[in-house]
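# Observations on the model geometry
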Amino acid sequence: MRFCELLSQARHRVGSSQDAVALHLGISRTLISDYEMGRRPAPVLSRVRSFALFYDLSEAETDRLLAAAIIEQGGIRLPIDGEDDHDALRLALALISNWHGLESGHAHRMIEVLDEISHG
């Protein structure tokens, strides 16, 4: 599902108006409408998280919203399908979200773990 559809669906599920969301998040109602209609690309991840918090999304719902935003922004595509891959999705999101703060030592440890997995 596309980011705009997930965002609109979340707002409708909590029964909130675009005006109420805009007021809470400090952005314009027009901007929210544009996001929900797909007229604007998905916002930065910090804003996506603000939407998720306001809509009280579950961890899995938040991860799906973040992943949809990343994909829409032209991010990396990973072969992650459905509910069964929630841990893989969380791993990908954690890596993307912390990419700029990743230190060399952390990267080397992660590579070692992934090498162990791939070499059995």
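Up top you'll find the structure we're talking about.
Residues numbered from 1 in each chain as written. Predicted model: local features only at pLDDT ≥ 70, side-chain atom pairs only at ≥ 80, totals over all residues. Heavy atoms only, no water.

### Digging into the overall build of the protein
Scanning the protein from N- to C-terminus turns up 7 helices and 0 strands. Listing every helix and strand of the protein by position from the N terminus yields α-α-α-α-α-α-α. Along the first, second and third principal axes, the C-alpha atoms of the protein reach 50 × 30 × 25 Å. Counting the 120 residues in the protein, one finds 32% classified as buried. Within the protein, counting contacts between residues at least 6 apart in sequence, those at least 24 apart form 58% of the total. Of the roughly 8,000 Å² of accessible surface on the protein, a fraction of 54% belongs to carbon and sulfur atoms. Separation between the mean location of the 12 positive side-chain charges and that of the 18 negative ones in the protein comes to 11 Å. (Helix = DSSP H or I, 4+ residues; strand = E, 2+ residues; numbered from the N terminus. Buried < 20%, exposed > 50% of the residue type's maximum accessible area, 1.4 Å probe, protein only. Contact = heavy atoms within 4.5 Å. Areas by Shrake-Rupley, 256 points an atom, 1.4 Å probe, with all protein chains shown as cover. Lys, Arg positive; Asp, Glu negative; His and termini not counted. Charge placed at Lys NZ, Arg CZ, Asp CG, Glu CD.)

### What to know about the side chain of E36
Following the sequence through the fold, E36 ends up in helix α3 (residues 29–37). Not counting the four nearest positions on each side in its chain, E36 is found in contact with C4, L7, S8, R11, Q18 and Y55.

### Topic: α3
For α3, the full list of buried residues reads L31, I32, S33, D34, Y35 and E36. Tucked into the core, α3 has its buried residues touching α1 (3–14), α2 (18–25) and α4 (45–54). The positive-phi residue at the C-terminal boundary of α3 is G38, with phi of around 75 degrees.

### A word on the nonpolar core
In terms of nonpolar packing, the biggest core is built from 25 residues, with F3, L7, F51, Y55 and L65 touching the most fellow members. Contributing elements (two or more residues each) for this core: α1, α2, α3, α4, α5 (59–72) and α6 (86–97). Looking at this core element by element, the count peaks at 6 residues for α5. Not counting chain neighbours up to four residues away, the residues in contact with Y55 comprise L7, A10, R11, V14, V21 and E36. (Core = buried A, V, L, I, M, F, W, Y, C linked by side-chain atoms within 4.5 Å.)

### Regarding the environment of S16
Tracing the backbone through its elements, the reader meets S16 in the loop between α1 and α2. Residue S16 is classed as buried on the basis of its relative accessible area of 16%. Counting along the chain gives 38 residues from S16 to F54, while the straight-line C-alpha distance between them is 9.8 Å. When near neighbours in sequence (up to four residues on either side) are disregarded, S16 contacts R11, V21 and F54.

### Looking at α4
Within the span of α4, buried status applies to L45, V48, F51 and A52. Angularly, the buried residues of α4 cover 110 degrees about the axis, an arc narrow enough to put them on a single face. Buried residues in α4 make contact with α1, α2, α3, α5 and α6. In the stretch just after α4, D56 is the one whose phi turns positive, near 55 degrees. (Arc of directions from axis to C-beta.)

### Observations regarding the packing of aromatic side chains
Under the criterion given, the structure shown has 3 aromatic pairs. Between Y35 and F51, the ring centres sit 6.1 Å apart and the planes meet at 85 degrees, which makes this aromatic pair edge-to-face. With a gap of 16 residues between them, Y35 in helix α3 and F51 in helix α4 connect regions that are remote in the sequence. Taking the centre distance of 6.1 Å and the plane angle of 25 degrees together, the rings of F51 and Y55 count as stacked. With respect to class, F51 is no different from Y55; both count as buried. An aromatic cluster of at least three residues, connected via ring pairs, comprises Y35, F51, F54 and Y55. (Phe/Tyr/Trp six-rings, centres within 6.5 Å; stacked < 30°, edge-to-face > 60°.)

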